[in-house]
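# Understanding the architecture of this molecule
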Amino acid sequence: MSTRDNDAELEMRIGALLGATRDRLSAGHARDEALATFVPQHRGRLFTKKAAMQPGGRVWRLGVLLLDTNADLYVTGHTTRALDPGRPAYQSVSAEQRREYRGAAFRGKFAKGETVNFDATPIELNVAHLRNSSGVLFVRNDTPLVRWSTTATDDAAIELADYLTDRSDLLLEPPEGT
C-alpha cells in the first residue's frame with residue numbers, strides 16, 4: 001500500500017473516531033461549552049467598540065482538545081465565564097485582562113455564567129501534516145497520539161482513541177463532587 005493510500009485510510013480512521021466520540025457525547029447529553037472568537041476593542045465609525053466575543057458554536061472539552069458538533073478538533077486555548085466584569089480593581093495586569101475577557105464574553109450574548117472557550121486553534125487532520133507535527137495531536141508509526149501536557153514527550157503521549165475514551169467517560173460520568 002502506498003503512503004498516500006495509507007494516509008487516506010488513517011485520516012478516515014481518525015475522522016470515524018472523532019465522529020463516534022461526538023455521537024457518544026451527544027447521545028449521552030454531555031455538558032458542552034461555547035466556542036467563541038475574541039474581538040478586541042476597536043474604533044468604529046463614530047466611537048470605540050468594546051471588546052466582545054463572537055459565538056462560534058458548541059464544543060466538548062476533552063482536556064487539551066476541544067471537539068465540536070461537526071467532529072472538528074481544536075487545541076484548547078483560553079477559557080472564561082460570561083459574567084459582568086464589574087469595576088476595575090487595578091490589582092494586576094493579568095487580573096485586569098481576565099476581567100476584560102469576562103466582560104467580552106458577557107457582551108457577546110452568552111448566558112450568564114456560561115463557560116466560553118476562545119483562542120482555540122483548529123487542528124488540521126491531514127496525516128502528512130500530523131506526521132511532522134510538534135503539536136498536541138501527531139502521528140508516529142501510523143498511530144495518532146495526543147500530548148496531554150505541554151511537557152509530555154513523544155514517549156509519554158497517549159493513543160488518540162484511548163485519550164478520547166477516557167476524556168469522554170469523564171464528561172459522561174463526572175466524578176462525585178465535580
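One can find the structure itself at the top, above this paragraph.
Residues numbered from 1 in each chain as written. Predicted model: local features only at pLDDT ≥ 70, side-chain atom pairs only at ≥ 80, totals over all residues. Heavy atoms only, no water.

Right, let's get into the nonpolar core. Among the nonpolar cores identified, the biggest contains 23 residues, and Leu-65, Leu-67 and Val-146 are the most heavily contacted of them. Among the elements of the structure, helix H1 (3-27), strand E4 (52-62), strand E5 (65-68), helix H3 (127-131), strand E10 (137-140) and helix H4 (160-172) are those that each provide at least two residues to this core. Counting eleven residues, the second largest nonpolar core, distinct from the first, contains Ala-34, Ala-104, Phe-110 and Val-116. (Core = buried A, V, L, I, M, F, W, Y, C linked by side-chain atoms within 4.5 Å. Buried < 20%, exposed > 50% of the residue type's maximum accessible area, 1.4 Å probe, protein only. Helix = DSSP H or I, 4+ residues; strand = E, 2+ residues; numbered from the N terminus.)

Computed from the structure, the largest pocket encloses a volume of approximately 220 Å³. Lining the largest pocket are eleven residues, with Arg-31, Arg-61, Leu-170, Leu-171 and Pro-174 sitting closest to its centre. Of all the elements, H4 adds the most residues to the lining of the largest pocket, at three residues. Of the residues contributing to the lining of the largest pocket, the split by class is five nonpolar, two polar and four charged. (1 Å grid on protein atoms, 1.4 Å probe; cavity = no way out; pocket = protein on both sides within 12 Å on 5 of 7 lines; lining within 4 Å. Points joined across faces, edges and corners; volume = space filled by probe spheres on them. Nonpolar A, V, L, I, M, F, W, Y, C, P; charged D, E, K, R; others polar.)

Turning our attention to the sheet that holds strand E8 (residues 115-118). Read from one edge to the other, the open sheet built from seven strands follows the order E7-E8-E1-E4-E5-E6-E9, with strand pairing classed as mixed. The two strands at the open ends of the sheet, each matched to only one other strand, are strand E7 (78-81) and strand E9 (121-122). In this sheet, E8 lies alongside E7 in antiparallel orientation, the contact comprising four bridges. Residue His-78 lies in a different strand from E8, and its bridge partner there is Phe-118. Taken strand by strand, helix H2 (residues 93-107) contacts strand E1 (33-39), E4, E7 and E8, and its axis lies near 65 degrees from that of E7. Each of E4 and E5 is contacted by H4, which is oriented at about 105 degrees to E4, the strand it contacts most. (Pairing = 2+ DSSP bridges. Contact = heavy atoms within 4.5 Å. Axes fitted to C-alpha atoms, helices over the stretch in contact; angles between N-to-C directions.)

Once that is clear, we can look at the sheet that holds strand E11 (residues 143-146). Taken together, three strands build an open sheet; the order of strands is E10-E11-E12 and the sheet is antiparallel. Pairing within the sheet leaves two strands with one partner each, and these edge strands are E10 and strand E12 (158-159). With four bridges joining them, E10 and E11 adopt antiparallel strand pairing. Directly across from Arg-140, in E11, lies its bridge partner Thr-143.

Once that is clear, we can look at the pattern of salt bridges. Applying the stated criterion across every chain yields a total of twelve salt bridges. Across the pair Arg-24 and Asp-169 runs a salt bridge, and its minimum N-O distance is 2.3 Å. Residue Arg-24 is located in helix H1, and its partner Asp-169 is located in helix H4; the two are separated by 145 residues in the primary sequence. Taking relative accessible area as the criterion, Arg-24 reaches 35% and is therefore assigned partly exposed. For Asp-142, the salt bridge goes to Arg-131, with nearest N and O atoms at 2.7 Å. Residue Asp-142 is located in the loop between E10 and E11, and its partner Arg-131 is located in helix H3; the two are separated by eleven residues in the primary sequence. Given a relative accessible area of 29%, Asp-142 falls into the partly exposed group. The structure contains a network of salt bridges with shared partners spanning Asp-7, Arg-131 and Asp-142. (Salt bridge = Lys/Arg side-chain N within 4 Å of Asp/Glu carboxyl O.)

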